[in-house]
Amino acid sequence: MILKLLISLIFVGAAVQKFTGKVAPNWDRWGYSRQSMYAAGVAEVVALALFWWPGLELVGAAGMGLVLLGALATLVRHREGASHIALPAVTLLLVMVQIFRSTVA
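As the structure is a prediction and not an experimental result, all values here were calculated from the model.

Rules behind the numbers
- Per chain, the residues get numbers from 1 upward, laid out in the order the sequence is written.
- At least 70 in pLDDT is required for a residue's local features to be given in this predicted model, at least 80 for side-chain atom pairs to be given and counted, and no such filter applies to totals for whole chains, interfaces and linings, which use all residues.
- Based on all heavy atoms of the structure, the side-chain values leave hydrogens and waters out of the count.
- Here, nonpolar core means buried Ala, Val, Leu, Ile, Met, Phe, Trp, Tyr and Cys residues that are tied together by side-chain atoms lying within 4.5 Å of each other.
- Think of it in three bands: residues with accessible area under 20% of the maximum for their type are buried, residues over 50% are exposed, and the middle band is partly exposed, with areas taken using a 1.4 Å probe on protein chains only.
- Secondary structure elements are defined from DSSP: runs of H or I of at least 4 residues count as helices, runs of E of at least 2 residues count as strands, and each element is numbered from the N terminus.
- It only takes one pair of heavy atoms within 4.5 Å for two residues to be counted as in contact.
- Here the axes come from fitting lines to C-alpha atoms, over the contacting stretch only for helices, and the angles between their N-to-C directions go from 0 to 180 degrees.
- Orientation labels follow simple angle bins: below 35 degrees gives roughly parallel, above 145 gives roughly antiparallel, 65 to 115 gives roughly perpendicular, and whatever is left gives oblique.
- The handedness criterion is simple: a crossing whose near helix is rotated anticlockwise from the far helix by less than a right angle is left-handed, and one whose near helix is rotated clockwise is right-handed.
- Ten residue types, Ala, Val, Leu, Ile, Met, Phe, Trp, Tyr, Cys and Pro, are classed as nonpolar, four, Asp, Glu, Lys and Arg, as charged, and the remainder, Gly among them, as polar.

Here we look at the nonpolar core
Moving on, step 1. By size, the foremost hydrophobic cluster in this structure holds 13 residues, and its most contacted members are Ile-7, Phe-11, Phe-51, Met-64, Leu-68 and Val-95.
Moving on, step 2. If you list the elements that add at least two residues to this core, you get α1 (2-20), α3 (34-52), α4 (57-77) and α5 (82-104).
Moving on, step 3. Sorting elements by how many residues they give to this core places α4 first, with four residues.
Moving on, step 4. Apart from residues no more than four positions distant in its own chain, Leu-68 is found in contact with Phe-11, Pro-88, Thr-91, Leu-92 and Val-95.
Moving on, step 5. In terms of nonpolar packing, the next biggest core, distinct from the first, is built from seven residues, Val-23, Trp-27, Trp-30 and Met-37 among them.

Here it is, written out as structure tokens:
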């Protein structure tokens, strides 16, 4: 449960940053529109809701994984530093651990 809460806090924080526009300069620098930034925030919130919906945890986790893979692809493609890449990479690892734990248990 603690792992699920930690993943959720990370996703809520990421979505809030998108909806408040705090990360907009980065999205502009990467060549993405504001609409795509908000769409990514919506995708994070939807994945998070499914992550907590009984019976749909794996669907939500898969959605989170896709969001995180997209983030990592963008960060690597634009040669962002390790400090930018670390949080999405660790979060993806946490999501994978949560998937493993929920399928084995």
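Don't stop here, the text continues.
Observations regarding the environment of Gln-35
Moving on, step 1. Tracing the chain through its elements places Gln-35 in helix α3.
Moving on, step 2. Gln-35 gets classed as exposed once you look at its relative accessible area, which sits at 60%.
Moving on, step 3. As for Gln-35 and Leu-75, which are separated by 40 residues in sequence, their C-alpha atoms are 19 Å apart.

A closer look at the packing of α1 against α4
Moving on, step 1. Where α1 meets α4, the axes come as close as 13 Å, and the angle between the chain directions of the two elements is 45°. The orientation of α1 relative to α4 falls into the category oblique. Viewed along their axes, α1 and α4 form a crossing whose handedness is left-handed. Residues Lys-4, Ile-7 and Phe-11 of α1 lie in contact with α4, whose contacting residues are Glu-57, Met-64, Val-67 and Leu-68.
Moving on, step 2. For the contact of α1 with α4, the class distribution of residues is five nonpolar, no polar and two charged.

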